[in-house]
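Listed below, chain by chain, are the residues.
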Amino acid sequence: MKLALLEAQKAVPSPTAFCVGCVIVVRPESESPIVLATGYSRELLGNTHAEANALTKAYSLTPEDLATLSPSLGGSDIASLLAQADVYTTMEPCSVRTSGLSPCSTALIDAKVRRCIIGVSEPPDFVVCEGADQLKKAGVEIIWLAGLEEQCLAVARREHAQR
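In this report, the structure presented in the accompanying data block is examined. Given the structure is predicted, the values throughout are model-derived calculations rather than measurements.

Bringing the environment of Y59 into the picture now. By secondary structure assignment, the location of Y59 is in helix α2 (residues 50–59). On a C-alpha basis, the gap between Y59 and K137 in space is 24 Å, while along the polypeptide they are 78 residues apart. The residues contacting Y59, other than those within four sequence positions of it, are I78, L82 and A111.

Written out as structure tokens, the structure is:
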């Protein structure tokens, strides 16, 4: 989650959106965790969210890229790796987008990720979020990481009016 927080700090603050970071990790047997991709809010063009950016970057990995990350990943396809992946996100994945784009919870469900570790629930500043509930209903294990809520929220609301 510390790496996800570092990603969130890269996001350009916006008064109408949160600064969120995301890290997608796989844990091959007998190996240390391997970071497949990272992302942060507004990193890529198109009003993008952290989880969507990390998934976009993961989907772009070639077999050669995977083998470079770890020889044990050589020959793997990204879909099978995502099905084993843990997603660390500083804030609950969105379930609705005011921009009309697809929600991050839907993208994570479609990717069939195994687990989502969340730093803080999305406060109702802009929308009512049901991302964690949607993920759980789809069979994704949800872990609410205790102890970093205030830090995750402070980074998310950077430069927002005091709420």
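Right, let's get into the sheet that holds strand β1 (residues 21–26). Sheet strands pair via backbone hydrogen bonds, and the direction of the pair is either parallel or antiparallel. In spatial order, the strands read β2-β1-β3-β4-β5; together these 5 strands make up an open sheet with mixed pairing. Only two strands of the sheet have a single neighbouring strand rather than two, namely β2 (34–40) and β5 (141–144). On average, each strand axis in the sheet is inclined to that of its neighbour by 15°, with strand direction left out of account. Judged from the 6 bridges that link them, β1 and β2 form a sheet pairing that is antiparallel. Within β2, the residue paired with V25 across the bridge is V35. Each of β1, β2 and β3 (86–89) is contacted by α2, which is oriented at about 135° to β2, the strand it contacts most.

Quick notes on the rules
Positions within a chain are numbered from 1, following the residues in the order the chain's sequence is written. pLDDT decides what is reported in this predicted model: residues at 70 or higher carry local features, side-chain atom pairs at 80 or more are listed and counted, and totals for whole chains, interfaces and linings draw on all residues regardless. The basis for every side-chain value is the complete set of non-hydrogen atoms in the structure, without hydrogens or water. Going along the chain from the N terminus, every DSSP run of H or I of four or more residues is numbered as a helix, and every run of E of two or more is numbered as a strand. We call two residues in contact whenever any of their non-hydrogen atoms come within 4.5 Å of each other. We call two strands paired when DSSP finds no fewer than two bridges between them. For helices, the fitted line uses only the C-alpha atoms of the stretch in contact; every axis is such a line through C-alpha atoms, and the angle between N-to-C directions lies from 0 to 180 degrees.

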